[in-house]
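Survey of secondary and tertiary structure
Residues per chain are reported as follows:
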Amino acid sequence: GGGAAATEAPAEGGNNTLVFIPGSASNPSQAFGFKMFQKHAAEYNFDVSMLDGKADVAEQTKAINNAVAQGADVIIVNPNDALAIVPAMKAAQEAGVVVGIFMAAAAPGDSTFFVAVDDKQAGGVVVQGILDLFPDGATGVEIGGQAGHPAAIDRHDGFTTALADHPEIKVLDYQNPQQWDAAMAQAIAEDMVTKYGDEIQFVFCHWDNGATGVINALKAAGMEDVLVFGVDGNAVAFEQVQSWKNYNSIGQNVETIAMKSMEIANLFLAKDASAKFDNIVPFDLITKDTFGNFTPPEW
Amino acid sequence: MDKNHSDPILEIKEVSKAFPGVKALDRVSLEVFRGTIHGIVGENGAGKSTLMKILSGVYQKDSGEIFFDGNKIEDITPVQSMKMGLSIIYQELNLVNTMTVGENVFLGRFSEMGGRKEVHAKARVLLDSIGCKIDTEKEVSELSVSDKQMIEIAKALSFDSKLIIMDEPSSSLTADEMQELIKIIHDLKNKGISIIYITHKLDEIFNFCDVVTVMRDGHVIATRNIDAISRNEMISMMVGRTIENEYPPRPNSVGEMILEVEDINTKLLKNVHFNLKKGEILGFVGLVGSGRTETVRALFGADKVKKKSIKVDGKFVNINNPIDAIKNGLAMVPEDRKIQGLLLQFSVDKNISLASLGELTYYGFINEKKERDISERQIKALNVKTPSGKTRIQLLSGGNQQKAILGRWLELKPKILVLDEPTKGIDVGAKYEIYLLMKKIVEEGGSIILISSELPEVLNMSNRVITICNGRITGEFDPLLASADEIMAKAFEF
Amino acid sequence: MNKKITTQSIIAFARNNLIILGIFILAIITSFVEPNFLTVGNLQNIMRQFGPLIMLSLGMTFIIMGGFIDLSVGGIISLVAVVTVSLIDPIGQVAALMVGVVIGLICGLLNSFLIIKGGAFKQSEALFLTYGMSVVFTAVALIYTAAAPVFLTYSKTDYSIFTAIGERFVGPVSVSFIIFLVCLLILYIIESRTHIGRSICLTGGNMTAARLAGIPTEKTIVFIYAVSGIMAAIGAVVLASRVTIASPIMGKGYETQAILAVVVGGTALLGGKGSVLRTVIGTLLIIMMSNCLNLLGVTTYIQYMLRGAILILAIWLDNRKQYSEGN
Amino acid sequence: MNTKITEPIKNIFSAQKAPIAMLLIFITMLFFKTPFYTRYNLIDLINSNSTLLIVAMGFTVVLVAGGVDLSVGGVMTVSGIIAIKLINSGVSIPVAVLVSILFGAAIGAINGYLTVYQNTEPFIITLGMGVLLTGVAQELTTARPISGENPAFQNLANYKLFGVVPALVLVMIVTVIVVVWLLRSTSFGRNCYAIGGDYEVAKYSGINVLPTKTLTFVISGVTAAIAGVMLSSWVNSGNSTYGDQTALYIASAVVVGGTSFAGGIGGAFKSLLGVMFIGILSNAFNMLNIDSYIQQLLVGLFIVGIIWLDCYARKVKRETV
Ligand SMILES: Nc1ncnc2c1ncn2[C@@H]1O[C@H](COP(=O)(O)OP(=O)(O)OP(=O)(O)O)[C@@H](O)[C@H]1O
Ligand SMILES: Nc1ncnc2c1ncn2[C@@H]1O[C@H](COP(=O)(O)OP(=O)(O)OP(=O)(O)O)[C@@H](O)[C@H]1O
Ligand SMILES: [Mg+2]
Ligand SMILES: [Mg+2]
């Protein structure tokens, strides 16, 4: 046991305890993430459990403190808000807990390490994808993820940065729905279709489930040629890659990230000098050409 | 006249007030002298309460002038009026149910009184002075109506008032409490405090008022010294015509048995049993809280009971809710008109058709034409004064509201009609109309159970009375043979 | 029949129909700035966006008219959506639809059972009971799918009914809109012509008096919650058909939107007075507002500010209108 | 004399479900080997529920006076953001905190004006205000979290008095004491009970109902702002998503505690119990490692159960035969 507060850490079978704290247990990618932790826990000698961040910073802070109280050796957090849990994570580290950030980037010191795809890079990939289809440039729209969510922020920033070098690509409109809610994404997409019509040649939607709504909107308007980009690489992404004329998904392999998180956590627990703070997992760019190379995940 | 009479504490000059559709006060003038008890009488809707509410600042007058204690008052608020020395006991009870007795007495004056302890101590003193024993820490919601009335009186006394207005304070007091109230009123008078006393009980006017003002339809008809007016004169001024008798001749149409209540038991009621015959008016006599209302509510299926057995027309019936009761030919005009009787926001039409709604429904659909017919018929038959059937019932005077509720039930031609305090707060004229209606109902073969806290009413209207005391039936009388004293003795029996 | 149109009558009309006026002004401004607003495509757009919310709002109207409130509709949507969509493959689309509606009905009955058995006849008591039930329904939905969304488009069997609800048109009118019209017609007839409809108003007006006069108030409560549950279930089906995804938290926030739509429409929150027709107007305002603001290129942040401000304004103005009527 | 002692105890057991349920949790947790009873956890339990408790205090005042304030979440968020932004731009901490609190008071005043003076339905108006404030928060931050740049700001919540008691807890305790005192022992507080108990009666009894009731909204705005600032200090950042779910959470906790939505009944201490009950419940669930969806189900059932039992107890009391 590592937690300072843990008077007697339950040491069952000599395994270390890992507490996974998703931003919200209702978020399918996080729910799947927990499954992956459970699936591979034995390989990495962990007993895993989950405390819910309940889509609220104060709740997530509570959960981190509860994990410390439980004497967790490792806490893996998917943040609701990259900044707000920093004090709690620092306190946890001071108590001797290894704190990893899951599927999001972090600043050094805030946590012990992070494992994620580079959400900022996703923007670059999208720009490249647009240029592949429209070498002379194109116009389109961006539909962000949940307002204020770290992944949504990074994806937008990365996209904006990458676009700075490509004035031939023009983003007509950018809107942030309130939640990761496909219905909201669809309503926004429908209104954008009304407003810009055929000017829309591509849509970058920050998550594949939201892109489902976008595709519904495009279908209704008969705009079957529009290039749609999503992020996640979940099951629906594989479906959409096949069923929509131009659909690409920037896959983040949750299973890989979960395994990597446990691997790195073990390095830190062993005080291995090779343990790194930043652990970027490469994207799986899922397109009509590449989808056969990957197995669709079950979420 | 003693010397104080020459010095008015209150002068009202040509005050008018209109509500939408009603001219509630029409150039009313009135003078109240120091140290007098000034009675005000008048039919329902005469404008008595409205005038008082203007004085206390709840309503603003449309025109006219008011002088209080020599000062002209204009656009006054309730706070200001109290500070000036004018306090009022409203007709509708005016207590916060969720708070304690002590805090209610000094409502809004918590820190003035010096905090929690002081509030209760001072309230104790005040309550003792009017002979009221209620615990000041008790929550008002747990009190009976008459206890609440006493708290109201204590509250009014707690102000250093020069004029106290009492708007029907006696409507729910027991005889003992009434005596206490009269004593208090006299004490106040001796201290030079003036009192405006509004009531529908004419006896009270003659018992202790010095001056009486009669109002009708928003006008002051006359102001007289009490020794210069007779009861009949007063009544004819109130209703605008002479009334020979306050009660119609007693109906005499009693037939065979219709209702046999064998055994009602609740926390309060013990083996309550009685019967009712066709064409009979059965009066219930008892003190406040004796269980009269509880008995009829249990009969009507309004409340849960431990046990009851009821026979209608010789057959046992199950009455678990008002719907069952109505199916078995029962109807009830409840005692609290506003809370239990009326849908204040709804039109007169909808209030009247309420109980007949089932009859008007065919395959789930309401026949609206029939609904209007019913309402028109009842408005006409009962002479309900309303601008139209579409008027919100809230805007009608108490007597007319009560008639509308009666109409609601009469449409069903119930076999058994329960009237719980049907004339409470209703003027003489409207009362008489209701008595005539009762007579008509029984003559047409209906039966009535009458509950009233006004003994003369029960005695004059009933064919038979039973007394209830503490949840038990204590006696049965023929009002023609028994004396009022005899009956009251049984009602007090423990 | 030739009433003169005076300025006064125009002002009176405006006063009495502020929300309709607001919708018109919004539409006019938007159509000037964004000509695409008045295209058939956008009107059809609005029609479909209208779909899910209006269903709940219609059910919520009965609840609020009866003097109650139902915060559980969000949870019901989530639960019905995931169960219905996931059942298409195992039991077929018609049976799945029926199961969905029955679940909505059961949820509604459960609410009314709690309210009646607990004697929770105050609006505030019902508020918290149904809030708690919403948490419960959502949790059941989460447990049912283990938080994963289920996709209509993954179905291996026929899901043509859902597709029709989600995207088909009959002439210029979307199928979901036709469903709405049918529901509206039925509910309006119930409200204005039937015994149970009157009972709802009477119960909302004064439950004690209504009960004593023989109105079946408890049956009425069961009825309104059952209707609300069923309408939420229909809303869930329309929503899932439209988005083609059902997620166990997709209903979140719909309950407050529905309440706002009902009250902005002019149904009194305290009960006793209102109409499903008013709710249509209220819902239209909410949907149009987001459509227009999107077309005007207003960012979602500002949209939120404006939405809050306009809702407050609508209720405040409507209130002033009633206030001046009352005097 | 005897009743003075037994009455409150009797009251607690007949009317108060939250304390009993809380007691049950404490007893249950004795039988499980969890870190529930560690000093760290118990302090954290209080510390991490402090911001909610602060909001609940003002919320209770509004409820007692017969209103309701669903904009507390929005006020929290925006006032936290204001504080952080001002401090980051060089404004001194006390001034920034003061401005934030004044902002809360101003929103409370607007809520109060609209609902009390204009006689609109507070439930709906404050709901709308919450939506509006969410938009304001997003606009102020462009929907990104902003971090506090002045480390001293963190001390506001995190400074440990005597090395143990976090400043946040201290602020919470002071707020609770002030509100308990306000409601129990001041004229203002008693007038709130009167207004909530019966508005018309309070009016006719000479209580200045309009300003008093408006003031309750201001107080709610102020406590929400204090909570917002403390939350921002605690997590050293501001974001438009904070307080997203606060209003209904607080409302149900307060009602579970025994303060009535109908007004006139309840009190600050009851609300404290209600909030702590739900906090302890979820802490105990976490300590027992109960699956998070099952947790949600159980919390829902607890809320329904307790409120239902309260309703049922009242029903039984009404209908005793
Ligand atoms: N707030 C109001 N709005 C509209 N009309 C009102 C209002 N208050 C009173 N009225 C009407 O004004 C008239 C006078 O009513 P008021 O209450 O003063 O009569 P009252 O003499 O006190 O009768 P009662 O003996 O029944 O108490 C009645 O017609 C009543 O319907
Ligand atoms: N002093 C009291 N304190 C508390 N509750 C009381 C008191 N008196 C009566 N009650 C309750 O209030 C109701 C009043 O009793 P009930 O109405 O049957 O008496 P009543 O003879 O009709 O008197 P009333 O003139 O008040 O109608 C009953 O339910 C009774 O339990
Ligand atoms: Mg009167
Ligand atoms: Mg009675």
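Counting of residues starts from 1 at the beginning of each chain's written sequence and follows it residue by residue. Key to labels: chains lettered from A, ligands numbered from 1, both in the order written. This being a predicted model, a pLDDT of at least 70 is required before a residue's local features are given, and a value of 80 or more before pairs of side-chain atoms are given or counted; all residues contribute to the totals for chains, interfaces and linings. As a rule here, side-chain values cover all heavy atoms of the structure and leave hydrogens and water aside.

We now examine the interface of chain C and chain D. Facing the 48 residues of chain C at the interface are 43 residues of chain D. Accessible surface is computed with a 1.4 Å probe, and the buried area is the amount of it that two parts give up when combined, taken over both parts together. Buried area between chain C and chain D, both sides added, is near 3900 Å², and the carbon and sulfur share of it is 77%. When the buried surface of chain C facing chain D is broken down by residue, Phe128, Tyr301 and Ile312 of chain C rank first, second and third, together holding 18% of it. Counted as salt bridges are all cases of a side-chain nitrogen of Lys or Arg within 4 Å of a carboxyl oxygen of Asp or Glu. Counting every contact that joins chain C to chain D gives 1 salt bridge. For Glu125 of chain C, the salt bridge is made with Arg314 of chain D, and the minimal N-O distance between the two is 2.7 Å. Secondary-structure elements contributing two or more residues to the side of chain C that touches chain D are α5 (93–118), α6 (123–145), α12 (254–265) and α14 (300–326) of chain C. We call two residues in contact when some of their heavy atoms are within 4.5 Å. Labels follow the DSSP assignment, with helices taken as runs of H or I lasting at least four residues and strands as runs of E lasting at least two, numbered in each case from the N terminus.

What follows concerns the pattern of salt bridges. It is possible for side chains of opposite charge to pair when their charged atoms get near one another. All told, the structure shown has 41 salt bridges over all chains when counted by the stated rule. A salt bridge links Glu368 of chain B to Arg193 of chain C; its shortest N-O distance comes to 3.8 Å. Taken together, the positions of Glu368 of chain B in helix α14 (residues 368–382) and Arg193 of chain C in helix α8 (residues 175–193) put the pair across two chains. Taking the relative accessible area as the measure of exposure, Glu368 of chain B reaches 31% and is therefore partly exposed. On the basis of relative accessible area, Arg193 of chain C is assigned to the partly exposed category, the value being 44%. Each of Asp7, Arg34, Asp69 and Lys162 of chain B takes part in a single network of salt bridges with overlapping partners. The buried label applies to any residue whose accessible area, calculated with a 1.4 Å probe on protein chains only, is under 20% of its type's maximum; exposed applies above 50%, and partly exposed to all values in between.

Taken together, the contact between chain D and chain A spans 36 residues of the former and 34 residues of the latter. Buried surface at the junction of chain D and chain A, summed over both partners, amounts to about 2900 Å²; 50% is from carbon and sulfur atoms. It is Tyr40, Arg144 and Asn286 of chain D that lose the most area in chain D upon contact with chain A, and together they represent 19% of the buried surface on that side. Counting every contact that joins chain D to chain A gives 1 salt bridge. Between Asp157 of chain A and Arg144 of chain D there is a salt bridge, and its shortest N-O distance comes to 2.4 Å. Identification of polar contacts relies on pairs of N or O atoms within 3.5 Å, with a donor-acceptor requirement for protein atoms, meaning one able to donate a hydrogen and the other able to accept it, and with residues adjacent in sequence counted only if both atoms are side-chain atoms. Where chain D packs against chain A, one counts 11 residue pairs in polar contact (both at pLDDT 80 or more).

The strands making up a sheet associate through backbone hydrogen bonding, with each pair oriented either parallel or antiparallel. Residue and element names in this part refer to chain B. Strands were regarded as paired on the criterion that DSSP finds at least two bridges between them. One open sheet accounts for 4 strands, arranged β12-β11-β14-β15; its pairing is antiparallel. Each edge of the open sheet is held by one strand with a lone partner, namely β12 (272–277) and β15 (315–317). Geometrically, the sheet is characterised by an average inter-axis angle of 20 degrees between neighbouring strands, direction not taken into account. Bridging between strand β11 (residues 257–264) and strand β14 (residues 310–312) involves 3 bridges; their strand directions are antiparallel. Bridge pairing links Glu260 to Lys311 in β14. All axes are obtained by fitting lines to C-alpha atoms, using only the stretch in contact for helices, and the reported angles, taken between N-to-C directions, cover 0 to 180 degrees.

All names here are of chain B. With water omitted from the atoms examined, metal sites may look incomplete; donors here are N, O and S atoms no farther than 2.8 Å from the metal, or 3.2 Å in the case of Na, K and Ca. The protein atoms that coordinate the magnesium ion (ligand 4) are Thr293 (OG1) and Glu335 (OE), at distances of 1.7 to 2.4 Å. One end of the pair, Thr293, is in helix α10 (residues 292–300); the other, Glu335, is in the loop between β16 (330–333) and α12 (337–341), with 42 residues separating them in the sequence. With a relative accessible area of 33%, Glu335 lands in the partly exposed category.

Residue and element names in this part refer to chain C. Contact pair α5 / α6: the axes reach a minimum separation of 10 Å and the direction vectors enclose 140 degrees. Overall, the two elements α5 and α6 adopt an arrangement that is oblique. Read as a crossing pair, α5 and α6 show a hand that is right-handed. Side by side, α5 and α6 meet where Cys107, Leu110, Asn111, Leu114 and Ile115 of the first sit next to Ala126, Leu129, Thr130, Met133 and Phe137 of the second. Considering only residue class, the contact of α5 with α6 consists of 8 nonpolar, 2 polar and no charged. Note on terminology: angles under 35 degrees are roughly parallel, angles over 145 are roughly antiparallel, angles of 65 to 115 are roughly perpendicular, and the others are oblique. Here is the rule for handedness: rotate from the far helix to the near one, and if that takes an anticlockwise turn smaller than a right angle the crossing is left-handed, while a clockwise turn gives right-handed. Each residue is assigned to one class: nonpolar for Ala, Val, Leu, Ile, Met, Phe, Trp, Tyr, Cys and Pro, charged for Asp, Glu, Lys and Arg, and polar for all the others, Gly among them.

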